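Take a look at the letters that make up each chain.
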Amino acid sequence: MSVPTRMPAPMPPLPPLPLPRSPGGRKGKSPKKKQVNESISTWRLTDRIGYVMMWAAGLMLCAIGIGILVYMAFKGVQYLRPSLIFSSPTAEIDQSKSGGFFDPLIGTVLITLIGIIIATPIAIFAATWIVEYGRPTWLARLIDSGIEIIAGTPDIVIALFGLVLFQQGIFGWMSFTATGGAVFGRSFLTAGAMMSLIALPMVFAATREGLQSIPAHVREASYALGKTKAATIRRVLLPSVKANISTGAALGMGRIAGDTAIIVVLLGASLTLDPEGDVPGLNLLKGTGGTLTSYVYNNSPAGEGNAPQKAYAAAFVLLLIVLALNFAVDRIARSGAKTGLETSRLGAR
Amino acid sequence: MIEPREQAAPPAPGSSEPANGTVPPPIRRIALDRQPTVALPPSQDAVAIANTSDRSLAAARRPARGVAGPERMRIEGLNVYYGNNHVVKNVSLPIRQGEVLALIGPSGCGKTTLLRTLNRLTELTSSARRDGMITLDGSDIDSLEVTEHRRRVSMVFQQPNPFPMSVFDNVAYALREQGAKRPKKKVLEPYVIEALQRAGLYDEVSSNLDHPALRLSGGQQQRLCIARALAARPEVLLMDEPCSALDPKSTNVIEELIVELRKDLAIVIVTHNLQQAYRVGDHVAFMYLGDLVEYGQTDALFDNPKAARTRDYIGGAFG
Ligand SMILES: Nc1ncnc2c1ncn2[C@@H]1O[C@H](COP(=O)(O)OP(=O)(O)OP(=O)(O)O)[C@@H](O)[C@H]1O
Ligand SMILES: [Mg+2]
């Protein structure tokens, strides 16, 4: 067997790259640390004004955020007592006798859980369908705009709509039904169902974004192994957007915990939990109650309770809950980075 | 005649093995209890001469040509269109076990499209149409269930594309049958390790199989993808420029692996590197603008190309 004798000629070596020179000539630094440090004094005036305004905007937001936090912490720590958290509220004019906000705290936790438990699966299914199937296109677009409408609807409108909806006879099992057959329409179940609409767009958007950022070749790799589309979605795609889903869910929970309108209209915004019926557990869900938001509102100077100190304490606890959820969002995103699951790296290669 | 895969182990006396030359019974599904059909690659690798540009050395290190085994796939008058774009034109090729078929040709000539058609991945592209006949072990591939077909004809892509999960799960995913009860991790472990060993990756990842696959180097990722493809015990392995993103050392490891694997698999490799085609290919097919211009034994095609186009293309690479 003959072997050709000539081989491709080797490439001539490239000339060395010129070393970058930093303007302003920072002397005495090792070349590694050299950086381009242009001075804004060389900028045009409009650019300089814009630059200062960007700084100012950022600083102002920082100041507002820290201001709220410090003020609430100051007031909260001042008035918050363990007894407030663990005792139920009572309707008393005298502040010293009106109890704590144990019931509203439970109410917040309960309504948040109900809302997110309803919202998450629906949002995941919808997002997965849109990204992975999305045919016919008009239906995908319709669903997309539907969710956009939900996201854009003010919560008070959602609440009113929910009230009308759940006062229909077929939803009688969800709330208190009077002897005449009139359906009350207000309960943890009905309020939670409407709250899920508050969280749904966030979980949906996060999931969709995550799925869209998974490059097509990951799906192809799975199909090429003889996997069905369903298996690919379940075993590859959804696991890799877990962090996105959790982030969306935590954000959605924050929104639910902070909502007031739906609580006032659909939960009754009562001081204590008022179970309905005698099936333990279900009676709580069918019953009405209040949350920290309605408690704060009631006890603020605007409400009837007028116990501003307790309002501050409850508001502080609410703030802590929402901050904890935001912190969780952060942690989830970062733990994704640790396992290499974060979607940004998916597209990196 | 190469032994069909079922005879890799010496047949039991008096067994009714088919005579040489008959097609061995195809493997219809992943059988976890099957003996490995592929020997482990030799531990000592010839990395030293990996990056040689000396063709005589490269040729010298190439193991003896594989012996053509039974024909596993046959392409007959295949045409593929993307919309009105006729991308693969009337191509007919045999794909045999025991040898490596190297597909070469300039960029855009339809090599990837041809491979994807063999794996039925083109069916995922809505604009793609194909006609002509492709058979796998004598039966039309369209008559097979598509997922089963893709298990038997596995594909490794140009870009390493591990799943965003651990090294272990990447390989285990290929092993798990969908729908059926999912085997436990303990049960799968030996098969995962074996697949990683066959792909020559195990030594590098054995300390931590839970390492995220996306944190491996490009070469390791590609070998992981090969391990993943091998884990399902395919009969035909399609490789689309598997080394284009790799350094010479990883390329060498993968070339060794390909040569090792061809005993038990039919392998089709697309490559832009003619020396690689020369090193690993037993047969070479040269495509140009969708046409199959020339197909022949590697030596014959490289030393004495019949078509002028082939001569031009090869001449451009080998001087
Ligand atoms: N999904 C697609 N839709 C439409 N046209 C496509 C698609 N994929 C490939 N093509 C076209 O098909 C032709 C062949 O592409 P193909 O990827 O098979 O070439 P190739 O030989 O693999 O090239 P390369 O060596 O650069 O990878 C090209 O002209 C390309 O534009
Ligand atoms: Mg290609």
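Here the structure is a predicted model, which is why all the values come from computation and not from measurement. Along each chain, the written sequence defines residue order, and numbers are assigned to residues from 1. Chain A is the first chain written and ligand 1 is the first ligand written, with later ones labelled in order. Local features are withheld for residues below a pLDDT of 70 in this predicted model, meaning they are given only at 70 or higher, and side-chain atom pairs are given and counted only at 80 or more; totals for whole chains, interfaces and linings count all residues. Only hydrogens and water are set aside; all other atoms, that is, all heavy atoms of the structure, feed into the side-chain values.

**Things to note about the pairing of strand β4 (residues 128–136) of chain B**
Residues and elements named next belong to chain B. One requirement defines pairing of two strands: DSSP has to find at least two bridges between them. Numbering of helices and strands runs from the N terminus, with a helix taken as a DSSP run of H or I at least four residues long and a strand as a DSSP run of E at least two residues long. The sheet contact formed by strand β1 (residues 71–82) and β4 spans eight bridges and is antiparallel. Residue pairing in the sheet places E76 in a bridge with M133 of β4. As paired elements, β4 and strand β5 (residues 139–140) share two bridges and run antiparallel to each other. Bridging from a neighbouring strand, T135 pairs with D140 of β5. Following β4, the chain reverses through two residues before pairing antiparallel with β5; D137 in that reversal takes a positive phi of roughly 50 degrees.

**Quick notes on the side chain of E132 of chain A**
Relative to the elements of secondary structure, E132 of chain A occurs in helix α3 (residues 102–133). In this description, contact between two residues means that some pair of their heavy atoms is separated by no more than 4.5 Å. The residues contacting E132 of chain A, other than those within four sequence positions of it, are L211, R219, K229, I233 and L237 of chain A.

**With respect to the confidence of the model for chain B**
All names here are of chain B. Per-residue confidence for chain B averages 79 on the pLDDT scale, and 76% of its residues sit at or above 70. Scored between 0 and 100, pLDDT is the confidence that the predictor attaches to each residue. Averaged pLDDT values over the elements of chain B bottom out at 42 in helix α1 (residues 55–61) and peak at 94 in strand β8 (residues 266–270). Predicted confidence is poor over residues 1–21, with pLDDT under 50, and the contacts of this stretch with residues over four places away or in other chains come to 34 contacts. Counting interchain partners and residues more than four positions distant, the pLDDT-below-50 stretch residues 23–61 has 79 contacts. Two numbers describe this predicted complex: its pTM, 0.77, and its ipTM, 0.77.

**Considering the pattern of salt bridges**
Residue and element names in this part refer to chain A. By salt bridge we mean one thing: a side-chain nitrogen of Lys or Arg within 4 Å of a carboxyl oxygen of Asp or Glu. Following the criterion strictly, the structure yields 20 salt bridges over all chains and no others. The partner of D144 in a salt bridge is R208, with the nearest N and O atoms 2.7 Å apart. Of this pair, D144 sits in helix α4 (residues 137–152) while R208 is found in helix α6 (residues 188–213), placing the two residues 64 residues apart along the sequence. Type-normalised accessible area, obtained with a 1.4 Å probe on protein chains alone, sets the label of each residue: buried when under 20%, exposed when over 50%, and partly exposed for intermediate values. Judged by relative accessible area, which is 22%, D144 ranks as partly exposed.

**A closer look at the packing of α3 of chain A against helix α9 (residues 242–258) of chain A**
All names here are of chain A. Axis lines are fitted through C-alpha atoms, for helices just across the contact stretch, and the angle between N-to-C directions can take any value from 0 to 180 degrees. Where α3 meets α9, the closest approach of the two axes is 9 Å, and the angle between their N-to-C directions is 140 degrees. As summarised for this structure, α3 and α9 are arranged oblique, according to the angle between their axes. Along this stretch, α3 crosses α9, giving a crossing that reads as right-handed. On the side of α3, the interface is formed by T108, I111, T112, G115, I116, T120 and I124, while α9 contributes I245, A249, G252, M253, I256 and A257. Polarity classes work like this: nonpolar for Ala, Val, Leu, Ile, Met, Phe, Trp, Tyr, Cys and Pro, charged for Asp, Glu, Lys and Arg, and polar for all others, with Gly in that last group. Considering only residue class, the contact of α3 with α9 consists of eight nonpolar, five polar and no charged. Orientation categories follow fixed angle ranges, with anything under 35 degrees roughly parallel, anything over 145 roughly antiparallel, 65 to 115 roughly perpendicular, and all other angles oblique. Helix crossings are classified by the rotation of the near helix relative to the far one: an anticlockwise turn of less than a right angle makes the crossing left-handed, while a clockwise turn makes it right-handed.

**A look at a nonpolar patch on the surface**
Residue and element names in this part refer to chain A. Together, I40, Y51, V52, M54, W55 and L59 give the surface a local cluster of nonpolar side chains, amounting to about 610 Å² of exposed area. Within the secondary structure layout, V52 lies in helix α1 (residues 45–79). Residue V52 is classed as exposed on the basis of its relative accessible area, which comes to 53%. To count toward a patch, a residue needs a relative accessible area above 30% and no salt bridge. Like charges then connect within 9 Å, nonpolar side chains (Val, Leu, Ile, Met, Phe, Trp, Tyr) within 5 Å. Here the Shrake-Rupley method, with its probe set to 1.4 Å, supplies the accessible areas, and only the displayed protein chains count as covering residues.

**A short note on the environment of F74 of chain A**
Structurally, F74 of chain A can be placed in helix α1. Remark: the alpha-carbon pair of F74 of chain A and F316 of chain A, spanning 242 residues in sequence, is separated by 9.1 Å.

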